[in-house]
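Below are the chains, spelled out letter by letter.
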Amino acid sequence: MERRAIGAAALTVGAVGLGCMPMSWAYSASEQRGDRSSRTVHAALDAGTTLLDTADMYGPFTNELLLGRVLTQRRDDAFVSTKCGLLVGDQHIVANGRPGYVRRACDASLRRLRTEVIDLYQLHRADPEVPVEETWGAMAELVAAGKVRALGLCAVDARAPRRTGTGTGTGTGTDRYGATIALLERMQQVFPVSAVEAELSVWAPEATERLLPWCAARGVGLLAAMPLGSGYLTGTLTPGQGFEPDDVRARHPRFTAEMMASNQPVVAGLRRVAERHGATPAQVALAWVLARGPQVVPVPGAKRERWAVENAAAAGLALSAADLAEIAALPPAWESWH
C-alpha cells in the first residue's frame, strides 16, 4: 500500500487507515464482538493498513483493550493513534483538559494498549474551562518523556453549523472550521501539530475549504473521519431500514428514512463511477478522499474483515479527472433540518 506522511516529523502510514470505534462504541452494539473485531484488525494490517485509530472514551476503554490484545502480536506493523480529553458519564460526555488528567490518561492508555509508546496522541476536544496552551503543554511533555511520538487534534464536530444546500462539489461559503484553525494556531505556538482529524467525505467536503489548505501549508496531516458517511456512501444501507437504539445514526439528521431516500442520487453517482473501474461505491468514496491531497489519510470504520480489506484496496484506485468532475457534479447531500 502507498505510504503517506503525517506531520513535520514525517511519520509515515498506509494511505488508508482503520477506524476502530465501531467495534466498541456508537454503532450497533449487537454486532460488536471482540473475537471478530480482532480478526478485522489483523486483516487490515495484513492488507497494508497501519494506522489504527482509537480513543480512551470508546467503550469507554474497551476499544483500547481490544487493540492491546492485537498489538501484543503486531506492534511493529501498526501506527497507533489514540485520544484523550473526553470523559464518559451516565448519558453525558464532558471535556477534561487539565494537565494532571492528561498525564494520567496517557499512562492508562499505554497500559490498555500494551505498548511503550503511542505514535499519535490526539486531544479529543479542547476543554473550555482550561486554556488549550496548558493542555497542549502537558501533551508536549509526554513527547519529551518518550511516551508519545507526535500530537494531533481531533476536530470532528468542532465546527460551525452546516448551511442549507451544501453540495458535494463546491464550497459552502461558510467557514465551518474558523474556530478550529484559531485553536490550532494557538497550539502551534506551544508544540507542533502533526495531524488534525476531521470529517471529510463526498457528502461532507467542507474541510477542503480552509482546514485542508491550512494543514497542507504547514505539513500537517489530515485524518479524514467518516469518509464513508457512516456507512451511507457504501450503498449497503436501505432507506427506512432503522437502526438499533444505541446507534448514533438513529438520531442523525441524515439517517431518517426521508433523508436516506433523498440522498440516493449521491450513492448512485458513486456506483456509476465504481462500475467503470470494477470497484465498489465505498472504494470510489475513499479514492475521492485520497485525491484531496498527499497528506490526507481516510480512516474508515469497520467491524468486519471483509470491509477492512475492501477499504484498504481503495488505495490502489486512481480516479480520472473525468471521474472527479462527475463526482463534483453530484447533487448536494441533505439533512432533515434543511
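See the structure above.
Residues numbered from 1 in each chain as written. Predicted model: local features only at pLDDT ≥ 70, side-chain atom pairs only at ≥ 80, totals over all residues. Heavy atoms only, no water.

1. Quick look at helix 3 (residues 99-113)
Line of reasoning, step 1. Along its 15 residues, helix 3 runs 21 Å from first to last C-alpha, staying within 8% of the 21 Å computed at 1.5 Å per residue.
Line of reasoning, step 2. Looking at the packing, one finds that the buried side of helix 3 touches helix 2 (62-74), strand 5 (79-84), strand 6 (86-89), strand 8 (118-123), helix 4 (132-144) and strand 9 (148-154). (Helix = DSSP H or I, 4+ residues; strand = E, 2+ residues; numbered from the N terminus. Expected span 1.5 Å × (residues − 1). Contact = heavy atoms within 4.5 Å.)

2. A look at the sheet that holds strand 3 (residues 18-19)
Sheet strands pair by backbone hydrogen bonding; their relative direction is either parallel or antiparallel.
Line of reasoning, step 1. Within the open sheet, the eight strands sit side by side as 3-4-5-8-9-10-11-12. Their pairing is parallel. Across the chains shown, the open sheet's two edge strands, defined by having one partner strand only, are strand 3 and strand 12 (296-299).
Line of reasoning, step 2. Bridging between strand 5 and strand 8 involves four bridges; their strand directions are parallel. Within the sheet, the bridge partner assigned to Cys84 lies in strand 8 and is Leu123.
Line of reasoning, step 3. Contacting strand 11 (221-225) and strand 12, helix 9 (residues 281-290) crosses the sheet at an angle of about 150° to strand 12. (Pairing = 2+ DSSP bridges. Axes fitted to C-alpha atoms, helices over the stretch in contact; angles between N-to-C directions.)

3. So, the packing of helix 3 against helix 4
Line of reasoning, step 1. Direction vectors running N to C along helix 3 and helix 4 enclose 35°, while the axes themselves pass 8 Å from each other. Crossing geometry of helix 3 relative to helix 4 is assigned as right-handed. Contacts from Pro99, Val102, Arg103 and Cys106 in helix 3 reach Glu134, Thr135, Ala138, Met139, Glu141 and Leu142 in helix 4.
Line of reasoning, step 2. Here the residues of the contact of helix 3 with helix 4 sort into six nonpolar, one polar and three charged. (Left-handed = near helix turned anticlockwise from the far one by under 90°. Nonpolar A, V, L, I, M, F, W, Y, C, P; charged D, E, K, R; others polar.)

4. Digging into helix 2
Line of reasoning, step 1. The terminal C-alpha atoms of helix 2, which comprises 13 residues, lie 18 Å apart, in line with the 18 Å expected from a rise of 1.5 Å per residue.
Line of reasoning, step 2. Within helix 2, the full set of buried residues consists of Asn63, Glu64, Leu66, Leu67, Gly68, Val70, Leu71 and Arg74. (Buried < 20%, exposed > 50% of the residue type's maximum accessible area, 1.4 Å probe, protein only.)

5. Digging into the pairing of strand 11
One face of the sheet, then the other: side chains in a regular strand alternate in exactly this way.
Line of reasoning, step 1. Burial analysis of strand 11 places five of its five residues in the buried class, the great majority of the element.
Line of reasoning, step 2. The two faces of strand 11 match: Gly221, Leu223 and Ala225 on one face and Leu222 and Ala224 on the other face are all buried.
Line of reasoning, step 3. Bridging between strand 10 (residues 195-199) and strand 11 involves five bridges; their strand directions are parallel. Counted as the bridge partner of Ala198 is Ala224 from strand 11.
Line of reasoning, step 4. Running through helix 6 (residues 211-218), the crossover from strand 10 to the neighbouring parallel element strand 11 is right-handed. (Right-handed = clockwise from strand over helix to strand, strands pointing away.)

6. Details of the side chain of Asn263
Line of reasoning, step 1. Structurally, Asn263 can be placed in the loop between helix 7 (257-262) and helix 8 (264-277).
Line of reasoning, step 2. Classification of Asn263 as buried rests on a relative accessible area of 0%.
Line of reasoning, step 3. A polar side-chain atom of Asn263 sits 2.8 Å from the main-chain amide nitrogen of Trp334.
Line of reasoning, step 4. Once you skip the residues sitting within four places of it in the chain, Asn263 turns out to touch Trp203, Tyr232, Pro332, Ala333 and Trp334. (Polar contact = N/O pair within 3.5 Å; in protein donor to acceptor, adjacent residues only side chain to side chain.)

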